Structure formats: C-alpha cells, structure tokens
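As a plain string of letters, each chain reads:
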Amino acid sequence: LSESLVDFMVRVGAKVHPGIVNPVWLAPVVSALENREPSKVVISTPPQHGKTRTIIYGLLWRMIRDPGRYAYVTYEQGRSDEISLEAQTIMREAGYEPEGRLDRWRAAGSTIRFGSVRGPLTGYGIDKLLVIDDPVKDAVDASSPTMRRRNVEWLQTVGGPRTHPSASIVIVQTRWHPEDLAGNRIAAGWRDINLPAINDRGAALWPAGRPLASLEEQRREFGEFFFAPLVQ
C-alpha cells in the first residue's frame, strides 16, 4: 500500500496498457489525485496528452489505499461507461474484483459512480474524490451559452452538494471557452493549474508523445483561434 501512483500505473499498466510510462508531463494531475486533503482544483491540459488514463489509474490507486466513495463524471454517459469498463479491467489486473453495474460498482472497500454532467447522483454521497474529466464534448457545446450554463448548474446543484467536507473536487479538461466550467470555477477562486502544450520557453510539454514540430504544424493547419484555447 506504500506504492506510489506512478509505480502503480507502471506495474499494473504493463499488461493492460503495454508501453505505459511515468507521465511526468502531468505531474500536477498526479499530485492532485494523490492528495488526500480536501481541495478544489482546476487543471487545464491539451488534448491527447494522456490525462484520462492518468485519472483512471489515480482513482483506482486512491480507492485501494483510501477506501470511501468516489465519482467520475464526463460529458456524456456513454463515454463514462467506456471509462468504467477500462477501469474494471485495470482493477482486476490489480487483484480486485469489481462488483455491481457499469455505472456504479465497488471494489477494494470503496465504491465509485460513473456519470455525466447531464445525469444525477441521487442518493450518493462522495466523501473522497469527485473527478470531472472533460465536461465539454466539442466546440459546438462550448459555443453554446445554454450548454455552458448547464455544466455550471450541474456542479452547483448535483455534483457539489453530493460532496462531503472531506471530499475533493478536481476538474481536468481541455479548455474551449473562457466561460466554460473550468473558467467559471477559476473565477470563483479555485486553484488554477495550466499545462500548455508549448511552454513559455518554447518547449513541448510531452516531447516524446507530442513533439514540438507536430504541435507547430497543428498551429499552422488549424489556426491560432483554435490552437490557443485547446492546446495552450
């Protein structure tokens, strides 16, 4: 049980995700998932940098070491179910058998719900960790004031009220709009961590997986209007 999250990822993931490595470029995400002190944090990440996989391993690592009630929420239930299925596979590889339905199961003395920012958490209290992973599906949703308002209202009326004082809420998402859920919570005073794909010194966040030349090609191809919020 003294195994770190990164060591857990590499050991268990060797069979589930061959070639998995320590996601050093996502160190703030790892730190937020390992932290057992109640906190509210927003982490902005570029797409296709491994954040969801890191989140899955982080949730399971916590469930094993800090038994309680957890929840994972994303933009739609279908996507959440996919994540749940992957998480069950990892949990079995770790030596624990999940019991329950795809959207709610228990293992290692903990329970977890998998849902969406459109769905309920009726009757379920979260006393450890609520992770909201990419609450926005695409640019269409992000451009809709109605959809942005619904995400904020879900957190205010469903997700937030279901968390106990001992629980943390971590939002990890690619940014699409200044007034998306992450922007709303940053304005409310939550801790803000931004991980741009290219830092101020011109270096790539994840050189091995997303080299600088590839990122600059994306910038030229899709334009700064989309590159700046999504990737930076």
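Coordinates for the structure precede this section.
Residues numbered from 1 in each chain as written. Predicted model: local features only at pLDDT ≥ 70, side-chain atom pairs only at ≥ 80, totals over all residues. Heavy atoms only, no water.

Undergrad: When you look at the overall build of the protein chain in this model, what are you seeing that I'm missing?
TA: From N to C terminus, the protein chain includes 9 helices and 8 strands. On C-alpha atoms alone, the protein chain measures out to a radius of gyration of 17 Å, which is about the 17 Å that the 2.2 N^0.38 rule sets for 232 residues. The principal-axis extent of the C-alpha atoms belonging to the protein chain is close to 50 × 40 × 30 Å. The buried share among the 232 residues of the protein chain stands at 50%. In the protein chain, the share of contacts with a sequence separation of at least 24, taken over all contacts with a separation of at least 6, comes to 73%. Charge separation in the protein chain, taken as the distance between the mean sites of 29 positive and 27 negative side-chain charges, equals 4 Å. (Helix = DSSP H or I, 4+ residues; strand = E, 2+ residues; numbered from the N terminus. Rg over C-alpha atoms; globule rule 2.2 N^0.38 Å. Buried < 20%, exposed > 50% of the residue type's maximum accessible area, 1.4 Å probe, protein only. Contact = heavy atoms within 4.5 Å. Lys, Arg positive; Asp, Glu negative; His and termini not counted. Charge placed at Lys NZ, Arg CZ, Asp CG, Glu CD.)

Undergrad: Sorry, what's going on with the nonpolar core here?
TA: One finds F8, I43, Y57, L59, L60 and W105 to be the most contacted residues of the largest nonpolar core, which totals 40 residues. Residue contributions to this core peak at 8 residues, all from helix α3 (residues 51-65). Setting aside residues up to four positions removed in sequence, Y57 forms contacts with L5, F8, M9, V12, G13, V16, H17, I20 and I90. (Core = buried A, V, L, I, M, F, W, Y, C linked by side-chain atoms within 4.5 Å.)

Undergrad: What should I look at first to understand helix α4 (residues 77-93) in this one?
TA: Helical periodicity: at 3.6 residues per turn, an α-helix aligns residues three or four positions apart in one direction. Here α4 is 17 residues long and its end C-alpha atoms lie 24 Å apart, about the 24 Å a rise of 1.5 Å per residue gives. Close packing links the buried residues of α4 with α1 (5-16), α3, β2 (69-74), β3 (99-101), β4 (104-107) and β5 (110-116). Backbone geometry just downstream of α4 places G95 in the positive-phi region, at approximately 105 degrees. (Expected span 1.5 Å × (residues − 1).)

Undergrad: For this particular structure, what's the right way to read unusual backbone geometry?
TA: Apart from glycine, the bulk of residues carry a negative phi angle, and the bulk of peptide bonds sit in the trans form. Even without a glycine there, the phi angle at A108 is positive, about 55 degrees. For A108, the position within the fold is in the loop between β4 and β5. Classification of A108 as partly exposed rests on a relative accessible area of 21%. The residue D134 is not glycine, and still its phi comes out positive at about 50 degrees. Assignment of secondary structure puts D134 in the loop between β6 (129-133) and α5 (139-143).

Undergrad: Can you walk me through the pattern of salt bridges in this structure?
TA: When their charged atoms lie close together, side chains carrying opposite charge are able to pair. Evaluation of the coordinates by the stated rule reveals 20 salt bridges. With its nearest N and O atoms 3.6 Å apart, the salt bridge here joins R106 to E99. On the basis of relative accessibility, which here comes to 44%, the residue E99 falls in the partly exposed class. For R104, the salt bridge identified is with D103, shortest N-O distance 3.7 Å. (Salt bridge = Lys/Arg side-chain N within 4 Å of Asp/Glu carboxyl O.)

Undergrad: I'm lost on the packing of aromatic side chains in this one. Help?
TA: When we look at a pair of aromatic rings, we describe it by the centre distance and by the angle of the planes. Going through the model one piece at a time under the given rule, you end up with 4 aromatic pairs. Ring centres 6.2 Å apart and planes at 70 degrees place the aromatic pair F8 and Y57 in the edge-to-face group. Here the residue F8 occupies a position in helix α1, and Y57 occupies one in helix α3, the gap between them amounting to 49 residues. By the burial criterion, F8 is buried, and Y57 matches it. Judged by centre distance (5.8 Å) and plane angle (20 degrees), the rings of W105 and F114 are stacked. The residues W105 and F114 share a single accessibility class, namely buried. Three or more aromatic residues joined by ring pairs make a cluster, and in this case those are Y72, W105 and F114. The lysine or arginine in question, R113, covers the ring of Y124, its NZ or CZ lying 5.2 Å from the ring centre. (Phe/Tyr/Trp six-rings, centres within 6.5 Å; stacked < 30°, edge-to-face > 60°. Lys NZ or Arg CZ within 6 Å of the ring centre and 35° of its normal.)

Shape descriptors only; they carry no functional weight alone.
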